[in-house]
Protein chains: 4
Amino acid sequence: MILDDKLAVLKQVFETQMPFNKLLGLKVIELKDGFTKILIPFKEEFIGDFIQKRWHGGIQASIADSAGGIAALTSISSFEEKVNTIDMRIDYLHGSEPKDIYAEAEIIKDGKRIIKVDVKLYHEKTKIIALARCAFSVLRK
Amino acid sequence: MILDDKLAVLKQVFETQMPFNKLLGLKVIELKDGFTKILIPFKEEFIGDFIQKRWHGGIQASIADSAGGIAALTSISSFEEKVNTIDMRIDYLHGSEPKDIYAEAEIIKDGKRIIKVDVKLYHEKTKIIALARCAFSVLRK
Amino acid sequence: MILDDKLAVLKQVFETQMPFNKLLGLKVIELKDGFTKILIPFKEEFIGDFIQKRWHGGIQASIADSAGGIAALTSISSFEEKVNTIDMRIDYLHGSEPKDIYAEAEIIKDGKRIIKVDVKLYHEKTKIIALARCAFSVLRK
Amino acid sequence: MILDDKLAVLKQVFETQMPFNKLLGLKVIELKDGFTKILIPFKEEFIGDFIQKRWHGGIQASIADSAGGIAALTSISSFEEKVNTIDMRIDYLHGSEPKDIYAEAEIIKDGKRIIKVDVKLYHEKTKIIALARCAFSVLRK
């Protein structure tokens, strides 16, 4: 498989064929082997704390999981390979604001059977809102 | 504060005043001190894997976080107390199906400064889809 | 492989052939498919907080990892199968005392490629000191 | 409290007054506000996998917890402040060798009530063996 094709197909699948990503309004800003940067535009319905107007922690966990999964999938060398999420830990570091969230996800271990990814969520030009660490199993062909 | 009042107010806030919970369609089925059971009705837009029609792992993380937060909030004895999520781990155990998800969350540590909650996600009459463990900080009055 | 043989061999390996388990003084009290109960006798050198005489959090993490690994290994059906720890989360619930620690570990997912184990640490007749959740990869033959 | 005094006292406590650290042979190589680097010299009794001569995963978890706790304690501004471990996640990335282990721990959140620390374990000049993320509660004076 030609690498650019793989990434182009993945980007299209992530943005247009996964219903939940459409609900999030997820945009893939950057995608290369082992790394992705995505954007989730702020929407009122993503608010959890309606007094302080903060993003719900649950939607932050969704974004972390999504970014982690996208980065993990760049590890495949054929669309017959299967990637499943094993687990994720998310740490909430600083209160979010009613602004777009960016997430960067990077593979930190690209093994024969296990892939691990670190994710950070942030608002542009400000500090990190949350960090996540995800484990995936992969069935190589 | 009279206990039934506290729980009634919390239930109403969770279901009607948190925008993200409305997006989820979250219903509080049971709420008592230290425990909650919630229901998230299946919707097409919650799908991640559109071939196998599975719920997106991210939405499962959202549900776990929501259920954990609701159980944690039953620990407060005044609405001036403040509860913040510190971190969460979610373990994906079995593939989900295009059916409603139930989540039960139970406080396993109710400390002066830290609350911990265990959550399980499942379809009715079938095995567990995911387990989560959450840590919260609480500022008691 | 006859089951009783497998468990007898595992018990002997855990107790006598793993140098770190000897340092811990680890005793396997119960071992069956999917479950183990172990005992770590209290020793002065396991203390972290020398004022309150509490077990070091690090040694508790060691015990959790050991118990989790033993339970996971009961899942193999041949000694050619390979089990590796992927990750572990440990939650410290209540202060420990200068007394023996028991750990019970139970498989909560016994998959083709992934095993998950829940562990609890406690002093006899008292509340839980710590909980852990571990993920393992397994290469089946 | 004068900063250098605080760090000097902490270093001495970690190395000479915590029994478990003596068992580990823990040496504090670097200690400054928000960061520590420690060394655990290899010993035969730290081996888990006696065929491949790898450090036991449990001792790695001990080291991660120890390094994390030392970094967290640099955050205190008085010895009356109390720091407790809430939880830790450890990810095993690459097989260890029968050589000394270094651990670097860095505070990633230094809050009023919560401290978070990232830890990495490695052999000199080689890749990372394990990563950990720890949460602590702190009672400020």
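Preceding block: the structure.
Anyway, here's the lowdown on the structure attached to this text. (Residues numbered from 1 in each chain as written. Chains lettered and ligands numbered in written order. Predicted model: local features only at pLDDT ≥ 70, side-chain atom pairs only at ≥ 80, totals over all residues.)

**Thoughts on the overall build of chain A**
Piece 1. Scanning chain A from terminus to terminus reveals three helices and eight strands.
Piece 2. Tracing chain A from N to C terminus, the helices and strands come up as α-α-β-β-β-β-α-β-β-β-β.
Piece 3. Relative to the compact-globule value of 14 Å for 141 residues, chain A shows a C-alpha radius of gyration of 15 Å, a close match.
Piece 4. By principal-axis analysis of the C-alpha atoms, chain A measures approximately 50 × 25 × 25 Å.
Piece 5. Out of the 141 residues in chain A, the part that is buried amounts to 45%.
Piece 6. Look at the contacts in chain A between residues 6 or more apart in sequence, and 60% of them connect residues 24 or more apart. (Helix = DSSP H or I, 4+ residues; strand = E, 2+ residues; numbered from the N terminus. Rg over C-alpha atoms; globule rule 2.2 N^0.38 Å. Buried ≥ 20, exposed ≤ 12 C-beta atoms within 10 Å, placed from the backbone. Contact = placed C-beta atoms within 7 Å.)

**Quick look at the interface of chain B and chain A**
Piece 1. With 29 residues of chain B at the contact, the number on the chain A side is 29 residues.
Piece 2. Breaking the side of chain B that touches chain A down by element, the ones donating at least two residues are helix 2 (19–24), strand 3 (47–49), helix 3 (57–73) and strand 5 (82–92) of chain B.
Piece 3. Of the residues assigned to the side of chain B that touches chain A, the class counts are 13 nonpolar, nine polar and seven charged.
Piece 4. Two strands pair when backbone bridges link them, and strand 5 (residues 82–92) of chain A and strand 5 of chain B are joined in this way by five bridges, in the antiparallel orientation. Bridged to R89 of chain A within strand 5 of chain B is R89 of chain B. (Nonpolar A, V, L, I, M, F, W, Y, C, P; charged D, E, K, R; others polar. Pairing = 2+ DSSP bridges.)

**Considering the relation of the copies chain D and chain A**
Piece 1. By a simple turn and slide, chain D fits onto chain A: the slide is 0.0 Å along the axis, the RMSD is 0.0 Å, and the turn is 180°. On the angle and the small slide along the axis, the relation comes out as a two-fold axis. Within chain D, the C-alpha atom positioned nearest to the axis of rotation is that of R89 of chain D, 3.9 Å from it.
Piece 2. Mapped onto chain A, 100% of the interface residues of chain D again fall at the interface, so both copies present the same surface. (Least-squares fit on C-alpha atoms with pLDDT ≥ 70 in both.)

**Brief notes about the relation of the copies chain B and chain A**
Piece 1. With an axial shift of 0.0 Å and an RMSD of 0.0 Å, the rotation relating chain B to chain A amounts to 180°.
Piece 2. Of the interface residues in chain B, 100% have counterparts in chain A that sit at the interface too, so the contact is made through matching surfaces.

**Things to note about the sheet that holds strand 1 (residues 27–32) of chain C**
Piece 1. Pairing is antiparallel in the open sheet, where twelve strands are placed in the order 1(C)-2(C)-6(C)-7(C)-8(C)-5(C)-5(D)-8(D)-7(D)-6(D)-2(D)-1(D). A single partner strand is all that each edge strand has here, and the edge strands are strand 1 of chain C together with strand 1 (27–32) of chain D. Mean inter-strand twist for the sheet, computed between neighbouring axes without regard to direction, equals 20°. (Axes fitted to C-alpha atoms, helices over the stretch in contact; angles between N-to-C directions.)

**A few points about the interface of chain D and chain A**
Piece 1. Taken residue by residue, the interface counts seven residues in chain D and seven residues in chain A.
Piece 2. If you list the elements that add at least two residues to the side of chain D that touches chain A, you get strand 5 (82–92) and strand 6 (101–110) of chain D.

**Digging into the sheet that holds strand 8 (residues 128–139) of chain A**
Piece 1. Overall, antiparallel pairing links the twelve strands, which are arranged 1(A)-2(A)-6(A)-7(A)-8(A)-5(A)-5(B)-8(B)-7(B)-6(B)-2(B)-1(B) in an open sheet. The open sheet has two edge strands with one neighbour each: strand 1 (27–32) of chain A together with strand 1 (27–32) of chain B. Recorded for the sheet is a direction-independent mean angle of 20° between the axes of neighbouring strands.
Piece 2. Bridging between strand 5 of chain A and strand 8 of chain A involves ten bridges; their strand directions are antiparallel. Directly across from D91 of chain A, in strand 8 of chain A, lies its bridge partner L131 of chain A.

**What to know about the environment of I76 of chain C**
Residues and elements named next belong to chain C.
Piece 1. With respect to the helices and strands, I76 occurs in the loop between helix 3 (57–73) and strand 5 (82–92).
Piece 2. Using a count of 19 C-beta atoms within 10 Å as the deciding quantity, one classes I76 as partly exposed.
Piece 3. Along the primary structure I76 and W55 are separated by 21 residues, whereas in three dimensions their C-alpha atoms are 32 Å apart.
Piece 4. Not counting the four nearest positions on each side in its chain, I76 is found in contact with E81 and V83.

**Comments concerning unusual backbone geometry**
Piece 1. Non-glycine residue K53 of chain A carries a positive phi angle of around 55°.
Piece 2. Positionally, K53 of chain A belongs in the loop between strand 3 (47–49) and strand 4 (54–55).

**Some details on helix 3 of chain C**
Because an α-helix completes one turn every 3.6 residues, residues spaced three or four positions apart along the sequence face the same direction.
Piece 1. Between the first and last C-alpha of helix 3 of chain C there are 24 Å, a value that for 17 residues agrees with the 24 Å anticipated at 1.5 Å per step.
Piece 2. Buried residues dominate helix 3 of chain C, accounting for 17 of its 17 residues. (Expected span 1.5 Å × (residues − 1).)

**Digging into the packing of helix 3 of chain C against helix 3 (residues 57–73) of chain D**
Piece 1. Two elements in contact, helix 3 of chain C and helix 3 of chain D, have axes whose closest approach is 7 Å; the angle formed by their N-to-C orientations is 155°. Judged by the angle between their axes, helix 3 of chain C and helix 3 of chain D are roughly antiparallel. Crossing geometry of helix 3 of chain C relative to helix 3 of chain D is assigned as right-handed. Of the residues in helix 3 of chain D, those in contact with G57, G58, I59, A61, S62, D65, S66 and G69 of chain C of helix 3 of chain C are G57, G58, I59, A61, S62, D65, S66 and G69 of chain D.
Piece 2. In terms of residue class, the contact of helix 3 of chain C with helix 3 of chain D is made up of four nonpolar, ten polar and two charged. (Parallel < 35°, antiparallel > 145°, perpendicular 65-115°, else oblique. Left-handed = near helix turned anticlockwise from the far one by under 90°.)

**Section: the pairing of strand 1 of chain A**
Residue and element names in this part refer to chain A.
Piece 1. Among the six residues of strand 1, zero are classified as buried, and the element is accordingly described as predominantly exposed.
Piece 2. Direction of pairing for strand 1 relative to strand 2 (residues 35–40): antiparallel, over a ladder of five bridges. Bridge pairing in strand 2 places V28 opposite I38.
Piece 3. With antiparallel pairing between neighbouring strands as the criterion, strand 1 and strand 2 make up a hairpin whose turn holds two residues, including G34 at a positive phi of roughly 90°.

**Looking at the environment of G57 of chain B**
Piece 1. When you line up the elements, G57 of chain B lands in helix 3.
Piece 2. Judged by the 26 C-beta atoms lying within 10 Å of it, G57 of chain B is buried.
Piece 3. Sequence spacing of G57 of chain B and I90 of chain B is 33 residues, and the spatial spacing of their C-alpha atoms is 9.6 Å.
Piece 4. Not counting residues within four places of it along the chain, the set of residues in contact with G57 of chain B comprises D65, G69 and T85 of chain A together with G48 and Y92 of chain B.

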